[in-house]
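Structural characterization, general
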Amino acid sequence: MSLSDLLKARIAADGPISVAEYMHECLLHPEFGYYVTREPFGRAGDFVTAPEISQMFGELIGLALAQAWCDQGSPSPFTLAEAGPGRGTLMADILRAAGQVPGFIDAARVTLIEASDRLRNVQRETIAGVDLHFLESCDALPEAPLFLVANEFFDALPIRQFHRSDAHWREQQVGLQNGRLSFGLGPELPQPALSARLDDTAPGDIVEYCPAAAPVAEMVGRRISEHGGVALIIDYGDWHSLGDTLQALQDHNPADPIAAPGTADITAHVDFEALSIAAPCAHTKPTPQGVFLERLGITARARALAAGLSGDALEQHIAAHRRLTHPEEMGNLFKVLGLFPENGSPPPGLDA
Ligand code: SAH
């Protein structure tokens, strides 16, 4: 039995499913889901994320969060949270760097929002010696100041896709054709959630909509507006969703998203405008990751680390700096959105 067989049986019995249902099963099915069964990260996995490229990424984010915490009067206790922590590398680097700031670690309740039990165990190992609090979802975040980071979390939340006709939409679905999983279009229907998109799209356009994203942004933004804090949301995406951005990655190469469900990572671009609208607090402009990291001083940090390196290690370090910041690598594709209290200051490295 494979996830493909299970989905085929379900579709044969109940009819086509939405792309969001398909994506959810692929990523988090309790037995066959990608994050449940596989080690996706790193050179041996399917993709490499920024914290796995260099320790500089997490260090600078740790210092940015600690600076924002100081700027807001060093509240104690507070929630230091990460949504979708993967292997736990980013939080480990954050804690090491921000640990230099007096009082920060003592005041922090370190909270990881993670759906996969397997990854929770990996995170416990990576972030050893720290009292960790695990949450299934953001709605259980404590009523306290919140300093949160989410790197490549929102891109893993399932999206629905709609093809526009005149005033209505047809939803992209996963169904069966000749016994194989295949994409098709559902009936033409009005979609109240997309009514604003009738103004900025034309018939034939594809619009994506992530039902889980807005509630997460709303809950995070509400903690920030009621108790203080900031959020740094880092992901690939655009201000406004347009077009089909569903993609699968396997062994660092693009794969067909419906060829072998559960065996490849599936993501979609993040619609940053939707997050900023849902969060009931102030937000920054989406800033390219390269610009953000340069403003936080990555070049100075890279030079300091380079002084202790030679040979291959030095070459790799230089390549890692370039990969994180260069516009042709991750520097431009990835954007950073900051959330912060109304009448407060934007987090370091970002503009209101
Ligand atoms: N931030 C990490 C990993 C990103 S991969 C890094 O930068 O390396 C996405 C992470 O989000 C994984 O840890 C995955 O298990 C988690 N995840 C995916 N969907 C989730 C959901 N609905 N709720 C909580 N965690 C989720």
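You'll find the structure just up there.
From a predicted model like this one, the values you see are computed outputs, not experimental measurements.

1. Focus on the sheet that holds strand β11 (residues 247–250)
Strand order in the open sheet formed by 3 strands is β12-β11-β13, and the pairing between neighbours is antiparallel. Both outer strands of the open sheet, β12 (253–255) and β13 (265–267), are each paired with one neighbouring strand and no more. Shown here is a sheet whose adjacent strand axes are inclined to one another by a mean of 40°, direction ignored. Bridge count for β11 against β12 is 3 bridges, and the pairing is antiparallel. In the sheet register, Ala248 faces β12, and the bridge partner there is Ala255.

2. Concerning the nonpolar core
Proteins that are soluble and globular tend to have nonpolar side chains buried together. Counting residues in hydrophobic clusters, the biggest one holds 55 residues, and the most contacted among them are Tyr22, Leu141, Leu148, Phe154, Val220, Leu275 and Leu339. Looking at which element gives the most residues to this core, the answer is helix α9 (residues 213–227), with 6 residues. A domain-level breakdown of this core finds at least three residues from each of domain 1 (3–32 + 160–208) and domain 2 (38–158 + 211–242 + 270–340). Those residues in contact with Phe154, other than ones at most four positions away along the chain, are Ala213, Val216, Ile233, Asp235, Val270 and Leu275.

3. Thoughts on the packing of aromatic side chains
Applying the stated criterion across every chain yields a total of 8 aromatic pairs. Here Trp69 and Phe104 contribute two aromatic rings whose centre-to-centre distance is 5.2 Å and whose plane-to-plane angle is 90°, an arrangement assigned as edge-to-face. Of this pair, Trp69 sits in helix α5 (residues 55–71) while Phe104 sits in helix α7 (residues 104–107), placing them 35 residues apart in sequence. Aromatic rings pair up to connect Trp69, Phe78, Phe104 and Phe147 into one cluster.

Definitions and limits used
- Residue positions are given per chain, counting from 1 as you read along its sequence in written order.
- pLDDT decides what is reported in this predicted model: residues at 70 or higher carry local features, side-chain atom pairs at 80 or more are listed and counted, and totals for whole chains, interfaces and linings draw on all residues regardless.
- For the side-chain quantities, the full set of heavy atoms in the structure was used; hydrogens and water were omitted.
- Any two strands with at least two DSSP bridges between them are considered paired.
- Secondary structure is summarised from DSSP: a helix means a run of H or I of at least four residues, a strand means a run of E of at least two, and numbering begins at the N terminus for each.
- Every angle, taken between N-to-C directions, lies between 0 and 180 degrees, and every axis is a line fitted to C-alpha atoms, over only the stretch in contact when it is a helix.
- Nonpolar core, defined: a set of buried Ala, Val, Leu, Ile, Met, Phe, Trp, Tyr and Cys residues in which side-chain atoms within 4.5 Å join the residues together.
- The buried label applies to any residue whose accessible area, calculated with a 1.4 Å probe on protein chains only, is under 20% of its type's maximum; exposed applies above 50%, and partly exposed to all values in between.
- In this document the domain limits rely on a domain assignment from an automatic tool or a database.
- Working rule for contacts: check all heavy atoms of both residues, and any pair within 4.5 Å makes them a contact.
- Stacked, tilted and edge-to-face are the three classes assigned to paired rings of Phe, Tyr and Trp, where Trp is represented by its six-membered ring and a pair needs centres within 6.5 Å; plane angles under 30 degrees give stacked, over 60 edge-to-face, the rest tilted.

From the geometry alone we can't say anything about function, so treat these as descriptive.
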